[in-house]
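Reading the structure
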There are 2 protein chains.
Amino acid sequence: MKIGHLAKSVGIDIQTVRYYESQGLLTEPNRMENGYRDFPVDSIKRLQFIKKAKLVGFTLKEIKELLAIQVTKDKHTCQEVKNFTQIKLDEINQKIKKLTEIESALKKIHSLCCGGSEKASHCSILQALES
Amino acid sequence: MKIGHLAKSVGIDIQTVRYYESQGLLTEPNRMENGYRDFPVDSIKRLQFIKKAKLVGFTLKEIKELLAIQVTKDKHTCQEVKNFTQIKLDEINQKIKKLTEIESALKKIHSLCCGGSEKASHCSILQALES
DNA sequence: ATTGACCCTATAGTATACTTTAGGGTTTAT
DNA sequence: ATAAACCCTAAAGTATACTATAGGGTCAAT
């Protein structure tokens, strides 16, 4: 799969794909005779995951670590993987909690703010977070 | 409240507080006679919100917009606020969804990967996302 | 065979969000 | 009164994550 096709099917820029490769987020693709990159199909999933993880505030460095999770004799032991995934699970729960707080504040604003008879007393996000 | 106290109680750097002020995320604080900034107490909540929103992937620009939500005659109408909060609520739900996907993949890895009799077939995050 | 749509590398430039430095004044405790 | 801890501005520097540019080769269709 050529880089243009890959980039398009994930909805990112070709340059960005090359950048991710340079940063070690994509394993080095095979090359065709002419030197063009030939990506395996699962690069799509890899890039989709990167996109997803970026959206929720993970850095490329963190995403690289997430993608690197695997139990292999010479790399990571079970216990290492368990420890690492537990840390990441905690982080994710933190994020979900924060998002839920912001969500409920926005919901308050959305539903109460402009009800007509309601006073505009929940119309800032900080006020809505408090109540 | 002096900047050092404020920064410390939120757990961020003094310089960062000044930077946020310069970017319009904090309203300009009053000055004491000596020129020192005198922050209102609610700056703490403002900064805590900024911290929270940054953690889940919002940019300073977006955070500024969230902090600016209010219904006022000369600024934003009810409908504008409703529209804006709805867009943000959708974004937040997207983020929560992505996080939940990553979470369940990590949970799979965490619980299945090293069970002993289990094959290491869910030991990469991409594999875990699929199943 | 030539045009347009691809691909390549290498390097420079940009946006965002800080972080550090320089150079200086203020306050608090001893 | 002096040192340590605090505050100020302005400007430069850094890290991250792209994004664009230059200069060139490849491929598919006309």
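Before going into details, it helps to say that this report is about the structure given with it. (Residues numbered from 1 in each chain as written. Chains lettered and ligands numbered in written order. Predicted model: local features only at pLDDT ≥ 70, side-chain atom pairs only at ≥ 80, totals over all residues. Heavy atoms only, no water.)

Our next topic: the layout of surface pockets. Considering only enclosed or pocket space, the largest pocket measures out at about 330 Å³ in volume. Every residue lining the largest pocket is counted, 14 residues in all, and those nearest its centre are T27, R46, L67, A68 and Q70 of chain B. For the lining of the largest pocket, the secondary structure elements donating two or more residues are α6 (125–130) of chain A together with α4 (60–67) of chain B. Considering every element that reaches the lining of the largest pocket, the biggest residue donor is α6 of chain A, with three residues. Residue composition of the lining of the largest pocket, grouped by class: five nonpolar, five polar and four charged. Space inside the second largest pocket adds up to approximately 170 Å³. Taken together, K98 of chain A together with Q48, K51, K52, K54 and L55 of chain B form the lining of the second largest pocket. Here the element with the most residues in the lining of the second largest pocket is helix α3 (residues 43–55) of chain B; it accounts for five residues. Looking at the lining of the second largest pocket, its residues break down into one nonpolar, one polar and four charged. (1 Å grid on protein atoms, 1.4 Å probe; cavity = no way out; pocket = protein on both sides within 12 Å on 5 of 7 lines; lining within 4 Å. Points joined across faces, edges and corners; volume = space filled by probe spheres on them. Helix = DSSP H or I, 4+ residues; strand = E, 2+ residues; numbered from the N terminus. Nonpolar A, V, L, I, M, F, W, Y, C, P; charged D, E, K, R; others polar.)

In screw terms, the move from chain B to chain A is a rotation of 180° and a rise of 0.0 Å along the axis, fitting with an RMSD of 0.0 Å. Classification of the inter-copy transformation places it as that of a two-fold axis. Of the C-alpha atoms belonging to chain B, the one lying closest to the rotation axis is found on G57 of chain B, 1.9 Å away. The fraction of interface residues of chain B whose copies in chain A are also interface residues reaches 100%, indicating that both copies meet through the same surface. (Least-squares fit on C-alpha atoms with pLDDT ≥ 70 in both. Contact = heavy atoms within 4.5 Å.)

Taken together, the contacts link 44 residues of chain B with 44 residues of chain A. When chain B packs against chain A, close to 4,300 Å² is buried across both sides, 77% of that on carbon and sulfur atoms. It is K52, L99 and H110 of chain B that lose the most area in chain B upon contact with chain A, and together they represent 15% of the buried surface on that side. Inspection of the chain B/chain A interface yields two salt bridges. The interface formed by chain B and chain A holds eight residue pairs in polar contact (both at pLDDT 80 or more) in total. Listed by contribution, the elements that provide at least two residues to the side of chain B that touches chain A are α3, α4, α5 (78–112) and α6 (125–130) of chain B. In terms of residue count, α5 of chain B provides more of the side of chain B that touches chain A than any other element does, 22 residues in total. (Buried area = accessible area lost by both parts, 1.4 Å probe. Salt bridge = Lys/Arg side-chain N within 4 Å of Asp/Glu carboxyl O. Polar contact = N/O pair within 3.5 Å; in protein donor to acceptor, adjacent residues only side chain to side chain.)

With that settled, the discussion passes to the protein's contact with DNA strand C. The environment of DNA strand C is made up of 18 residues, and the closest members are G4, R18 and R37 of chain A together with Y20 and N34 of chain B. Of all atoms in DNA strand C that approach within 4 Å of the protein, 74% are sugar or phosphate atoms. Separating a base oxygen of DNA strand C from a side-chain N or O atom of Y36 of chain A is a distance of 3.4 Å. Those elements giving two or more residues to the surface near DNA strand C turn out to be α1 (3–10) and α2 (14–22) of chain A together with α2 (14–22) of chain B. (Near = heavy atom within 4 Å.)

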